[in-house]
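# Secondary and tertiary structure notes
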Amino acid sequence: MVRVLFLVPLGLYAQHSDTSLVNPFQSPDDRARGAVFFRSQCASCHGADGKGSGQGPNLTLGTFRHANSDEGLFKVITKGVPGTTMPGFSMNGREIWQIAGFIRGLNLSRMAEQAKGNAAAGEALFQSQNCLACHWLKGAGASRGLSLASIGSRLSVGEMRTALLEPSADVAPEYWHWQGKLKTGETIKGQRLNEDTFSIQVLDSTGRLRGIDKSDLAEQSLERKSSMPSFQGRLTEAQIGDLVSYLTTLK
Amino acid sequence: MKLLLLFSIPLMAQVTPERLLKATAEPHNWLTYHGSYSSTHHSTLSQITRENIGNLELKWVAQMNSLEKFETTPIVVDGVMYLTEAPNNVIALDAATGREFWVYEHKLPDVTYPCCGRVNRGVAIHGDTLYLGTHDAKLIAIDTKTGQKRWEATVADYKKGYALAHAPLVIQDKVIAGTAGGELGIRGVLAAYDAKTGKEIWRFKTIPEPGEKGNETWGGDSWKYGGASIWLTGSYDPETNLTYWGTGNPGPDWNPAKRPGDNLYSDCVIALDASTGQLKWYFQFTPHDEWDWDAVQTPVLVDHEVNGRMRKLLLWANRNGFYYVFDRVTGEFLKGTPFVKQNWAIGLDERGRPIKAQGRGPSATGTVTYPGVQGGTNWFAPSYSPVTKLFYVNTWDDYSSTFFAWDQEYEQGKWYAAGGVKAEVQSASRDRLNRRNPKAGYGATRALNPVTGEKVWEFRTAEVSEAGILTTAANVLFTANREGYMIALDAANGKLLWKKYLGGMAASSPVTWEANGKQHVSIAIGHAMFAFALRD
């Protein structure tokens, strides 16, 4: 049974330069079946919304750690990922394609909302608001904040609005404020990049990577707060829309 | 020590049942997964002390070929270390140098059904034969000298979700092993085989059939897919001939409405007659479990004074966040107390049964419950030291998970959990970059009063640990953590004595043994086995 179903997609190759298989089961019915299988087989670890948990990674980003193509997704689901807790799943080929199609759709639905502003006006705002003082884009800017290269593929319209209006609402942990005072009296501010029981690894505000032995610290603090200023009240609703429109063009 | 070594020479290569009974009298070896039948993870070796531990140096590293999770705890027999590598390889190496003698490679079907990685935790030995459980649910006997297979027995049908992950336990002339698969709708099995021939001698099903006592604790047909797996090696008391094993969660994990009742014998310690497999007593830690809190912990057997009287005790720090003390002969519950933050139970009644708090079970919108899904502790080994008379356990404290439930029907070979979990603390792997909110919980190596469960000291760590604990007669405690450190603490007060960054997560127990008269300590970290001894 499995073998027969496997044979169907083997003949179907993508019409672009690579020769990897494309998902042959992408009808709305297949998507609906995929949703059912996702709930029973995948959601325990990846979350009912696919956004991940302490057990499995976020599957809504459109990119995957262990697969780039439909065929790669198919292989990951059937074989699992050795060295992780991701097992191989014993479903037939069609069922696996249905799950893979549903997982692809998680990103598409997340990114479905279209920006409604004026992108050209948004680009002008991007310059006038001096975003490159902290962010990096197209060979210019700074590295204090998130790189904006391909930000239009990574954040949805809603997520961009949140980042502009309430930057601390969903700030990634590597951008949290860290501050430490050494026993020598020196104060260090920066971003916490990694931490264990005995040491902490930071990017300090002067742009230096530093490994610090915790026994050398007199005190330290970590604040779940972004350095990004809120544009709430600084820009009008229409201007926020324009800026978001511009950012969505950065693919 | 010298005398013992001389005495053991004629017996070399033959690990008789008598030697296993007196494993602690051969501290230069580590003869079983837990080091001895009482599973105290304690050694009388004392060359490495609190004073000289600064001279500990790396003697060898054995790199594995497999990059899958490395959960092996080795055995060491007369200068040879036997360990397993994922998924199902066995390696014999020279304990003095780390050089390999042979590798046994078990060929698995393309698809097997591990819940959480194709892990294997180790082997057992009887005579000159090793025993390995596999992911296609087989028990394999292997020649210690050549690595060649002698026989294999099929414990269960792997296509139905069964697998073997733990090191078998040899008792007299029997090899005992059980089946994992609690997330795949299996019905747990623990079975004993003739060590020479592989013939099955007895079989205990962890979920009773209709007509058997306990089946009434499962509503409808739920007993057929109820889990109660076995995935960690048990203990044995030769005086009573009882063998103790912990059983896994009932399935489906997070939708308890699918299985009305207490769900015996899930989340239990079962005490079986080692000769017949008959159940002598049981205790269920988490009746009608709603959180996936397998009672898959090491049964620690200790003789200790309670209220002025020596008692034969069973000590158990359970995944559900409570620490328990039992009379291991009768199963009498003596004490139970939380050892980490928990909010699912108001307390335990006089017989040890939890009085559940309202509304802490999984829900459609998610319920935040302490401890989180991996519990207050889990399968990694605790230790008991007869020198300090303390119980040591690696704990995960002050952390929660959000538990979700949904509906799902059983289908053979498919994941059957009927719910999910979210948690800020990673459940079973190491984040290379630890950027977790420190407020989301922490790990701690704790020393508990074995009778009262009260905390005597703790050593806190930023991340949680999946490593076991080893204590020695010199009051040195070895353990490790997910961050990549192997550490040594003073067993008396928890003070840090020594640390070494080895750069990968530990998910097994440190063990100690001798090679060329020198005490070694070894641990599996990342994808390699590391061995340390004092500088020459």
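All residue numbers refer to positions counted from 1 along the written sequence of the respective chain. Labels are handed out in written order, letters beginning with A for the chains and numbers beginning with 1 for the ligands. The predicted nature of this model means local features are confined to residues of pLDDT at least 70 and side-chain atom pairs, given and counted, to a pLDDT of 80 or more, with totals for whole chains, interfaces and linings taken over all residues.

With that out of the way, let us pick up the overall build of chain A. Numbering of helices and strands runs from the N terminus, with a helix taken as a DSSP run of H or I at least four residues long and a strand as a DSSP run of E at least two residues long. Across its full length, chain A carries 8 helices and 7 strands. Classification of the 251 residues of chain A by burial places 28% in the buried group. Exposed residues have 12 or fewer other C-beta atoms within 10 Å of their own C-beta, buried residues have 20 or more, and residues in between are partly exposed; the C-beta atoms are placed from the backbone.

When its secondary structure is counted, chain B shows 2 helices and 38 strands. Whereas a compact globule of 536 residues would reach a radius of gyration of roughly 24 Å, chain B reaches 21 Å, a difference of no more than 12%. Summarising its shape, the C-alpha atoms of chain B cover approximately 60 × 50 × 50 Å along the three principal directions. Here chain B holds 536 residues, and 59% of them are scored as buried. Taking the contacts inside chain B whose residues are at least 6 apart along the sequence as the reference set, 59% of them involve residues at least 24 apart. Just to be clear, the radius of gyration here is over C-alpha atoms, and the globule rule we use is 2.2 Å times residues to the power 0.38. Residue pairs qualify as contacts under a 7 Å threshold applied to their C-beta atoms, which are placed from the backbone.

Our next topic: the environment of Trp344 of chain B. Residue and element names in this part refer to chain B. Following the sequence through the fold, Trp344 ends up in the loop between β22 (333-338) and β23 (345-348). Sequence spacing of Trp344 and Ile355 is 11 residues, and the spatial spacing of their C-alpha atoms is 8.7 Å. Those residues within four positions of Trp344 in sequence are excluded, and the remaining contacts are Trp291, Lys356, Ala357, Arg360 and Thr369.

Residue and element names in this part refer to chain B. Direction of pairing for strand β34 (residues 485-490) relative to strand β35 (residues 496-501): antiparallel, over a ladder of 5 bridges. Its bridge partner being in β35, Met486 is matched across the sheet by Lys500. By definition, two strands form a pair when at least two bridges between them are found by DSSP. Hairpin remark: β34 followed by β35, antiparallel, with 5 residues in the connecting loop; positive phi at Gly494, about 80 degrees.

Within soluble globular proteins, side chains that are nonpolar tend to cluster in buried spots. By definition, a nonpolar core groups buried Ala, Val, Leu, Ile, Met, Phe, Trp, Tyr and Cys residues that are joined through C-beta atoms within 7 Å. Among the nonpolar cores identified, the biggest contains 163 residues, and Tyr82, Val123 and Val175 of chain B are the most heavily contacted of them. Every residue in contact with Val123 of chain B, bar those within four places of it in the chain, is listed here: Ile75, Tyr82, Thr84, Val90, Leu130, Tyr131, Leu132 and Ala167 of chain B. Within the second largest apolar cluster, 20 residues are counted, among which are Phe25, Ile77, Met91 and Ile96 of chain A.

Between its first and last C-alpha, helix α2 (residues 28-46) of chain A extends only 22 Å over 19 residues, short of the 27 Å set by a 1.5 Å rise per residue. Note on bend: the value at a residue is the angle between axes fitted to the seven residues ending there and to the seven starting there. Arg39 of chain A marks where α2 of chain A bends most, by close to 50 degrees. Contacts from the buried residues of α2 of chain A go to α4 (93-110) of chain A together with β29 (419-422) of chain B. Here the expected length of a helix is defined as 1.5 Å per residue gap, with one fewer gap than residues.

Detailed reading of the predicted model is not advised wherever pLDDT is low. All names here are of chain B. The predictor attaches a confidence to each residue, and that confidence, scored 0 to 100, is pLDDT. For chain B, per-residue confidence averages 96 on the pLDDT scale, and 98% of positions sit at 70 or higher. When the criterion is pLDDT under 50, residues 5-11 qualifies, and its contacts beyond four places in sequence or with other chains add up to 5 contacts. Under the prediction, the complex receives an ipTM of 0.92, its pTM being 0.93.

Next up on the list: the interface of chain A and chain B. Facing the 29 residues of chain A at the interface are 37 residues of chain B. Elements supplying a minimum of two residues to the side of chain A that touches chain B: α2 and β4 (187-195) of chain A.

Moving on: the sheet that holds strand β19 (residues 300-306) of chain B. Residues and elements named next belong to chain B. If you walk across this open sheet you meet the 4 strands as β19-β20-β21-β22, and the pairing is antiparallel. Taken across any chain shown, the strands that pair with only one partner, and hence form the sheet edges, are β19 and β22. Between one strand axis and the next, the sheet turns by 30 degrees as a mean value, whatever way the strands run. Pairing of strand β21 (residues 322-327) with β22 involves 5 bridges; the strand directions are antiparallel. When the sheet's bridge partners are listed, Tyr323 is paired in β22 with Thr337. Note on method: axes are straight lines fitted to C-alpha atoms, helices fitted across the in-contact stretch only, with angles between N-to-C directions ranging 0 to 180 degrees.

Right, let's get into the environment of Ala533 of chain B. Residues and elements named next belong to chain B. Tracing the sequence through the fold places Ala533 in strand β38 (residues 528-534). For Ala533, a count of 23 C-beta atoms within 10 Å translates into the label buried. With residues up to four places along the chain from it excluded, the contact list for Ala533 reads Lys59, Lys518, Gln519 and His520.

Three or more residues of helix α7 (residues 157-165) of chain A are buried, namely Val157, Met160, Ala163 and Leu164 of chain A. Projected onto a plane normal to the axis of α7 of chain A, the buried residues spread over an arc of 125 degrees and lie on a single side. Each C-beta atom gives one direction from the helix axis, and the arc is the one those directions make.

Looking now at unusual backbone geometry. Residue Pro87 of chain B is reached from Ala86 of chain B by a cis peptide bond, and omega for that bond is -5 degrees. With respect to the helices and strands, Pro87 of chain B occurs in the loop between β4 (80-85) and β5 (89-94). Between Tyr370 of chain B and Pro371 of chain B the backbone carries a cis peptide bond, its omega angle lying at -10 degrees. Within the secondary structure, Pro371 of chain B is located in the loop between β25 (367-369) and β26 (383-385). At Asn130 of chain A, a residue that is not glycine, the phi angle is positive and equals roughly 60 degrees. Tracing the sequence through the fold places Asn130 of chain A in the loop between α5 (119-128) and β1 (136-137).

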